[in-house]
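Listed below are the residues making up each chain.
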Amino acid sequence: MIRFGPAGLGPVKEAEERLEKYHCLGLRACEIAFTYGVYIKKEEDALRIGKRARELDIELSIHAPYWVNLNSSEKAKREATKKRILDCCKIGELLNAKVVVFHPGFYGKNKSEAFSVICGGVREIMDSIRKNGWKIKIAPETMGKVNVFGSVEEVSQLVKETGCGFCIDFAHVLAREGRVDYEKIKRLFPQKEWHCHFSGIVYGEKGERHHVSTSREAWVGLLKNLPGDKDIRIINESPTLVEDSVEGLKIFERMRK
Ligand SMILES: [Zn+2]
């Protein structure tokens, strides 16, 4: 099964209305963008939005703030990163969100140590999640710039070593590698549940430049290559995210016939 949805829910007071609109359009996933801060603050709002999403069969996820780096050379920044991600988990749990997607970090000066430092950070966050008895998972995202931590190999290794979730951003993979090796991705992520990002992308030698609207060819290229035996959420991050999600859904439904 594939669920489509946009990377945005909008303001708290319009959230339920938006979810109803998404539902009517056939969308069954939605990522709440806490990219500039955790803007759902009240517990009662989170519970109410989560309940409505459940009723409408829309699976929620969260995108953590951009200002995070588990591999910062400064301890205070690493601690602030963990706190920001855990703040998302706390409200995400009330929202009944499946995953909190985050950008793991930069390579920093010592690229060879980046993996173990980031892995340690992921473990600590997961320990806190466990202690709190939360169900929510954290999902490091595959990144689109070559000088940023987050190749598919690195994210897959984090999953193997810590049991964390993951977010495969297919636009980022394309930008980083110049192509998408679906067979490799299937090998690296044998898990049943895939959380994915997708949109059109402009990229150069160093990888990602910016997201653009998703072309029909791009949708077809993705959808014909995704495995059929998994539960997949595809979150669209293009500038026309709702329209693109609906387009993806329609193409998928036509391909299935
Ligand atoms: Zn992201």
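Note: the structure precedes this text.
Predicted, not measured: the structure shown is a model, and the values here were computed from it.

(A) Representation of the overall build of the protein chain within the structure. Secondary structure summary: the protein chain contains nine helices and 10 strands in total. Since a compact globule built from 257 residues should have a radius of gyration of about 18 Å, the 17 Å found for the protein chain is in line with a globular shape. The principal-axis extents of the C-alpha atoms in the protein chain amount to approximately 50 × 45 × 30 Å. In the protein chain, buried positions account for 46% of the 257 residues. Nonlocal contacts in the protein chain, meaning residues at least 24 apart in sequence, comprise 78% of its contacts between residues at least 6 apart.

(B) Spatial organisation of the sheet that holds strand E2 (residues 29–33). One open sheet accounts for four strands, arranged E2-E3-E4-E5; its pairing is parallel. Strand pairing shows two members of the sheet lacking a second neighbour, E2 and strand E5 (137–140), which therefore form its edges. When strand polarity is set aside, the average angle formed by the axes of neighbouring strands in this sheet is 30°. As judged from the four bridges shared by strand E4 (residues 99–102) and E5, these two strands associate in the parallel manner. Paired with Val101 across the bridge in E5 is Ala139.

(C) Expanded view of helix H2 (residues 43–55). Taking 1.5 Å of rise per residue, 13 residues should cover 18 Å, and H2 covers 18 Å from first to last C-alpha, within 8% of that figure. Listed in full, the buried residues belonging to H2 are Ala46, Ile49, Gly50 and Ala53. Down the axis of H2, the buried set is contained in an arc of 100°. They therefore lie on one face. Across H2 from its buried face, at more than 90 degrees, point the exposed residues Glu44 and Glu55. Against the buried residues of H2 lie helix H1 (15–24), strand E3 (59–63) and helix H3 (75–95).

(D) Broad picture of the sheet that holds strand E1 (residues 2–6). Here we have four strands laid out as an open sheet, ordered E1-E10-E7-E6, and parallel in their pairing. Two strands close off the open sheet at either side, each with one partner strand: E1 and strand E6 (167–169). Adjacent strand axes in the sheet meet at a mean angle of 25° when their direction is disregarded.

(E) Structural context of the packing of H1 against H2. At their nearest, the axes of H1 and H2 sit 10 Å apart, and the two run at 15° to each other. Judged by the angle between their axes, H1 and H2 are roughly parallel. Like other packed secondary-structure pairs, H1 and H2 cross with a definite hand, here right-handed. On the side of H1, the interface is formed by Ala15, Glu16 and Leu19, while H2 contributes Ile49, Arg52 and Ala53.

(F) Representation of the pairing of E2. Across the five residues that make up E2, a large majority, five, are buried. In E2, alternate side chains face the same way, and those of Ala29, Glu31 and Ala33 on one face and Cys30 and Ile32 on the other are all buried. The pairing of E2 with E3 spans five bridges and is classified as parallel. By the bridge assignment for E3, Ala33 is matched with His63. Taken together, E2, H2 and E3 form a β-α-β motif whose crossover is right-handed.

(G) Structural context of unusual backbone geometry. Of note, the phi angle at Asp57 is positive, near 55°, even though the residue is not glycine. Relative to the assigned elements, Asp57 resides in the loop between H2 and E3. Of the residues examined, Asp57 has 10 C-beta atoms within 10 Å and is grouped as exposed. A positive phi is found at Asn96, a non-glycine position, where the angle reads about 60°. Within the secondary structure, Asn96 sits in the loop between H3 and E4. Owing to 17 C-beta atoms within 10 Å, Asn96 belongs among the partly exposed residues under this scheme.

(H) Structural detail: the packing of H3 against helix H4 (residues 111–132). Contact geometry for H3 and H4: axes closest at 10 Å, N-to-C directions at 40°. Relative to H4, the element H3 is oriented oblique. Handedness of the crossing formed by H3 with H4: right-handed. Side by side, H3 and H4 meet where Arg78, Lys82, Ile85, Leu86 and Cys89 of the first sit next to Gly121, Glu124, Ile125, Ser128 and Ile129 of the second. A per-class count over the contact of H3 with H4 returns five nonpolar, two polar and three charged.

Parameters at a glance
- Residues numbered from 1 in each chain as written.
- Predicted model: local features only at pLDDT ≥ 70, side-chain atom pairs only at ≥ 80, totals over all residues.
- Helix = DSSP H or I, 4+ residues; strand = E, 2+ residues; numbered from the N terminus.
- Rg over C-alpha atoms; globule rule 2.2 N^0.38 Å.
- Buried ≥ 20, exposed ≤ 12 C-beta atoms within 10 Å, placed from the backbone.
- Contact = placed C-beta atoms within 7 Å.
- Pairing = 2+ DSSP bridges.
- Axes fitted to C-alpha atoms, helices over the stretch in contact; angles between N-to-C directions.
- Expected span 1.5 Å × (residues − 1).
- Arc of directions from axis to C-beta.
- Parallel < 35°, antiparallel > 145°, perpendicular 65-115°, else oblique.
- Left-handed = near helix turned anticlockwise from the far one by under 90°.
- Right-handed = clockwise from strand over helix to strand, strands pointing away.
- Nonpolar A, V, L, I, M, F, W, Y, C, P; charged D, E, K, R; others polar.

As far as function goes, none of this settles anything; it's purely spatial.
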